[in-house]
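# Report on the structure
Below are the chains, spelled out letter by letter.
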Amino acid sequence: MNADGATLDGARVLVTGASRGYGAAVARALAARGAHLVLTATDPAHLARVAQQCADDGAACDLVALDLSSPGSVDAAAVQVGRAVPRLEGVVLNAGVLGPVGPLDALDADATGRAIDVDLTGQVRLLQRIAPLIADHAGVVLVTSGAAARAGYGAYAIGKAGLEAVGLMLRDEWAPRGIRVVAVNPGPVRTDMRAEAHPAEDPATVPPPAERVAPVLAVLEGVDPGPRVQASEWGLS
Ligand SMILES: NC(=O)c1ccc[n+]([C@@H]2O[C@H](COP(=O)([O-])OP(=O)(O)OC[C@H]3O[C@@H](n4cnc5c(N)ncnc54)[C@H](OP(=O)(O)O)[C@@H]3O)[C@@H](O)[C@H]2O)c1
């Protein structure tokens, strides 16, 4: 338990995009703290390795298929989450795709739309569908990026900027219920997406995602650091 009084032991937490990368690191850190995890990936088979690691740490773990590009999949996933747990004390919306990058007017319109469907439209729908499950005083983390609204990042920049806007709206709308809605930017972390975005970079020069999960854990434990935080600056003053 931290100074703000919440504990993750037994807390029911949904983590999207938990099959690899940052989401997998968040899931493992939560498992080590005794959370009851509801993990998603596009195919539950993708979650086998992470689920086994979380189970080895003693965590209860439910696996849910979720394809954010499909409204039907989002609706079905929300129903499945509700069957797995009656309430969520924590939500980490981490899943995402990079999509096509480059100047917006040079990008394929259909590919741009598909990435926005995953990074923004699907996230909004998921939040709407799971809203009745979210407990008063819960922590809701929206995983964002320094590329939000940045030139040259295409659909990804649009999706993350939109997601941050959603966070600001829900932060106010859910404040009467004591729900903390916080956008967390992990900063560069060694994942598949980072390698896709920066193919010439030596991955060894980028920190592993487990080194950047602290603000996510803090929000879920009861800390409200404000609407947006940068993981690489967490703990520095
Ligand atoms: N890596 C970085 O340097 C960095 C920096 C800033 C922000 N971020 C953010 O951190 C988050 C995680 O990124 P990452 O680097 O860990 O990426 P990653 O390794 O590519 O993992 C992406 C995750 O999202 C899931 N996903 C992909 N498409 C999906 C869809 N259509 N529906 C549902 N889930 C889907 C994947 O599940 P499957 O395994 O089933 O495909 C996977 O679990 C993202 O929101 C990203 O924008 C990353």
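Let me begin by describing the structure that accompanies this report.

What counts and what doesn't
- Residues numbered from 1 in each chain as written.
- Predicted model: local features only at pLDDT ≥ 70, side-chain atom pairs only at ≥ 80, totals over all residues.
- Heavy atoms only, no water.
- Helix = DSSP H or I, 4+ residues; strand = E, 2+ residues; numbered from the N terminus.
- Rg over C-alpha atoms; globule rule 2.2 N^0.38 Å.
- Buried < 20%, exposed > 50% of the residue type's maximum accessible area, 1.4 Å probe, protein only.
- Areas by Shrake-Rupley, 256 points an atom, 1.4 Å probe, with all protein chains shown as cover.
- Contact = heavy atoms within 4.5 Å.
- Near = heavy atom within 4 Å.
- Polar contact = N/O pair within 3.5 Å; in protein donor to acceptor, adjacent residues only side chain to side chain.
- Axes fitted to C-alpha atoms, helices over the stretch in contact; angles between N-to-C directions.
- Parallel < 35°, antiparallel > 145°, perpendicular 65-115°, else oblique.
- Left-handed = near helix turned anticlockwise from the far one by under 90°.
- Nonpolar A, V, L, I, M, F, W, Y, C, P; charged D, E, K, R; others polar.
- Salt bridge = Lys/Arg side-chain N within 4 Å of Asp/Glu carboxyl O.

Broken down by element type, the protein chain carries 7 helices and 7 strands. Going residue by residue from the N terminus, the α and β elements of the protein chain occur as β-α-β-α-β-α-β-α-β-α-β-α-α-β. Compactness check: the protein chain gives a C-alpha radius of gyration of 17 Å against a globular reference of 18 Å for 237 residues, within 12% of the reference. Across the 237 residues that make up the protein chain, the buried fraction comes to 49%. As presented, the protein chain carries roughly 10500 Å² of accessible surface, and 53% of it is formed by carbon and sulfur atoms.

Now for helix 7 (residues 214–221). In terms of burial, helix 7 is largely enclosed, as 7 of its 8 residues are buried. Looking at helix 7, one finds that the buried residues are Pro-215, Val-216, Leu-217, Ala-218, Val-219, Leu-220 and Glu-221. For helix 7, the elements touching its buried residues are strand 1 (12–15), helix 1 (21–32), strand 4 (88–93), strand 5 (134–143), strand 6 (180–185) and strand 7 (228–230). Downstream of helix 7 by a residue or two, Gly-222 has a phi angle that is positive, lying close to 120 degrees.

Inspection of the region around the ligand gives 31 residues, with Ser-19, Thr-42, His-46, Tyr-156 and Thr-191 positioned closest. Between an oxygen atom of the ligand and a main-chain N or O atom of Val-189, the distance comes to 2.9 Å. Notes on the ligand: free accessible area 910 Å², of which the protein chains cover 93%. Counting residues per element, the ones that place at least two in the shell around the ligand are helix 1, helix 5 (154–173) and helix 6 (192–197). Considering each element in turn, the shell around the ligand owes the most residues, 3 residues, to helix 6.

Direction vectors running N to C along helix 4 (residues 109–130) and helix 5 enclose 15 degrees, while the axes themselves pass 8 Å from each other. Judged by the angle between their axes, helix 4 and helix 5 are roughly parallel. Two packed elements cross with a definite hand, and for helix 4 against helix 5 that hand is right-handed. Residues Thr-112, Ala-115, Ile-116, Asp-119, Leu-120, Gln-123, Val-124 and Leu-127 of helix 4 pack against Ala-155, Tyr-156, Ile-158, Gly-159, Gly-162, Leu-163, Val-166 and Leu-170 of helix 5. Broken down by class, the residue content of the contact of helix 4 with helix 5 amounts to 11 nonpolar, 4 polar and 1 charged.

Bringing the pattern of salt bridges into the picture now. Under the definition given, this model contains 9 salt bridges. Note that Asp-136 is salt-bridged to Arg-177, the shortest N-O span being 2.7 Å. Of this pair, Asp-136 sits in strand 5 while Arg-177 sits in the loop between helix 5 and strand 6, and the two are 41 residues apart along the sequence. Judged by its relative accessible area of 47%, Asp-136 is partly exposed.

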